[in-house]
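# Structure assessment
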Amino acid sequence: MTPNLLLVEDDARLRQDLDRHFRQRGFAVSACIDGREGLATLRAGHFDLVLLDIMLPGLDGLALLDTLRHEQGIPVMLMSALGAEQDRITGFTRGADDYLPKPFSLAELDARVDALLRRMARVQPPPSQRQDPLLAFDEQAQDVLSQGRAAGLTGSEYRLLVTLREHPGQTLSKPFLYQQVLHRIYTRLDRGLDVHVCNLRRKLAEIGVQHLQIQAVRGAGYILVQADRC
C-alpha cells in the first residue's frame, strides 16, 4: 500500500529534495509551501503522515498542528532548526508524534518515518480490549469516544492508551513505553512520555472518563487502573 505523505516546508530547496526523495521511495507526496496551503490540503485529502516545518510564513507549523489536532489524528513529525529541549517539549505538548531537529540526514528521517508508519499499522487493540461500554475506540481516527464525545487524541496518545490497556494490571516501564509508543530509546532527560501521559489524562477527564486511571509508579513507570463502577 502506497503511503500518502503531506510535506509542509517553505524552504524551496529542502521541499524539492524531500519531495523527490520520498517519491523515489514509492510514497505519494503532496508538497505545500506554507501553513494555510497545508491546512487546505489536509482537509481535502487523506494522509498517513505529515512532515511539518515549524517556522512557516503566515500560519506557522505549531498553529497548523493545533488546528489539525482538533480535527484529525494523523501522525505528525515536526521539523525545525529549534532543537532545544524546551522546543521539543513544546512540540510534543502541542500534539506532535515526533520531533526532528534540523539539519538532519535522510537516513535518520527515513528511520523515523518508517517507525511512525509501523506504529500506526500495528496499533490495533484486540477485540477483547476494545469492549468497553463506556469508551469506544475509533481505530481509523486514532481516537476514543465517551457518550458520543471524541477525546481528540493524538496518534501517540492513542497508542499509549492502547498499549496500557493491552497490559491490564501491569506496570509498564518507561523504556518499554518509549519503544512501544514513541519508538525511540528512553533517556533520563527526555520528558516526552510524561507530557503525553498528562495530555491523555486531561483529555479523558474532559469527556467524562472516570473508570480508567493512568497512575505513575515511582521509579517504575505507568499502570492503567480500572476503577470499580457502580
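Residues numbered from 1 in each chain as written. Predicted model: local features only at pLDDT ≥ 70, side-chain atom pairs only at ≥ 80, totals over all residues. Heavy atoms only, no water.

If you tally the helices and strands in the chain, you get nine helices and eleven strands. Computed over C-alpha atoms, the radius of gyration of the chain comes to 18 Å, within 12% of the 17 Å expected from 2.2 N^0.38 for 230 residues, which places it in the range of a compact globule. In terms of overall dimensions, the chain has a C-alpha envelope of 60 × 40 × 35 Å along the principal axes. For the chain, the residues scored as buried account for 47% of the 230 residues in total. Summing over all exposed atoms, the chain offers an accessible surface of approximately 11100 Å²; the carbon and sulfur share of this is 51%. (Helix = DSSP H or I, 4+ residues; strand = E, 2+ residues; numbered from the N terminus. Rg over C-alpha atoms; globule rule 2.2 N^0.38 Å. Buried < 20%, exposed > 50% of the residue type's maximum accessible area, 1.4 Å probe, protein only. Areas by Shrake-Rupley, 256 points an atom, 1.4 Å probe, with all protein chains shown as cover.)

This next bit is on the sheet that holds strand β10 (residues 212-217). The antiparallel open sheet is built from three strands, whose spatial order is β9-β11-β10. Among the strands making up the open sheet, the edge pair consists of β9 (172-173) and β10. Both β9 and strand β11 (residues 221-226) contribute to a ladder of two bridges, which runs antiparallel. Bridging across to β11, L172 finds its partner in Y222. Strand contacts of helix α9 (residues 192-206): β10 and β11, with the helix running at about 150° to β10, the strand carrying the most contacts. (Pairing = 2+ DSSP bridges. Contact = heavy atoms within 4.5 Å. Axes fitted to C-alpha atoms, helices over the stretch in contact; angles between N-to-C directions.)

In this section: the layout of surface pockets. The computed volume of the second largest pocket comes to approximately 220 Å³. Of all the secondary-structure elements, those providing two or more residues to the lining of the second largest pocket are α4 (85-93) and β5 (98-101). The biggest single contributor to the lining of the second largest pocket is α4, with four residues. Of the residues that constitute the lining of the second largest pocket, the class distribution is five nonpolar, two polar and seven charged. (1 Å grid on protein atoms, 1.4 Å probe; cavity = no way out; pocket = protein on both sides within 12 Å on 5 of 7 lines; lining within 4 Å. Points joined across faces, edges and corners; volume = space filled by probe spheres on them. Nonpolar A, V, L, I, M, F, W, Y, C, P; charged D, E, K, R; others polar.)

The omega angle of the peptide bond from K102 to P103 is -5°, so this bond is cis rather than trans. Checked against the element boundaries, P103 lands in the loop between β5 and α5 (106-122). For Q142, which is not glycine, the phi dihedral falls at a positive 55°. Mapped onto the elements of the fold, Q142 is located in the loop between β6 (136-138) and β7 (143-146). The backbone of Q147 shows a phi angle near 55°, a positive value even though the residue is not glycine. Examined against the element boundaries, Q147 turns out to sit in the loop between β7 and β8 (149-150). Accessibility expressed as a relative area gives 79% for Q147, which makes it exposed.

As a further point, take the pairing of strand β2 (residues 28-32). Inspection of the sheet shows strand β1 (residues 4-8) paired to β2 by five bridges, in the parallel sense. Opposite L7, over in β2, you have A31 as the bridge partner. Chirality of the crossover, the property in question, places the unit of β1, helix α1 (residues 12-24) and β2 among those that are right-handed. (Right-handed = clockwise from strand over helix to strand, strands pointing away.)

You can see R15 is positioned in helix α1. In this structure R15 touches L7, E9, D10, A31, C32 and I33, once residues within four positions along its chain are discounted.

For the structure shown, the criterion picks out 16 salt bridges. Among the ionic pairs, D110 bridges to R25, the shortest N-O distance being 3.1 Å. Residue D110 is located in helix α5, and its partner R25 is located in the loop between α1 and β2; the two are separated by 85 residues in the primary sequence. On the accessibility criterion, R25 (34% relative accessible area) is partly exposed. Across the salt bridge formed by K203 and E157, the nearest N and O atoms sit 2.8 Å from each other. Of this pair, K203 sits in helix α9 while E157 sits in helix α7 (residues 155-165), and the two are 46 residues apart along the sequence. Look at the salt bridges and you will find they share partners, linking E9, D53 and K102 into a network. (Salt bridge = Lys/Arg side-chain N within 4 Å of Asp/Glu carboxyl O.)

Worth remembering: the numbers are spatial, not functional.
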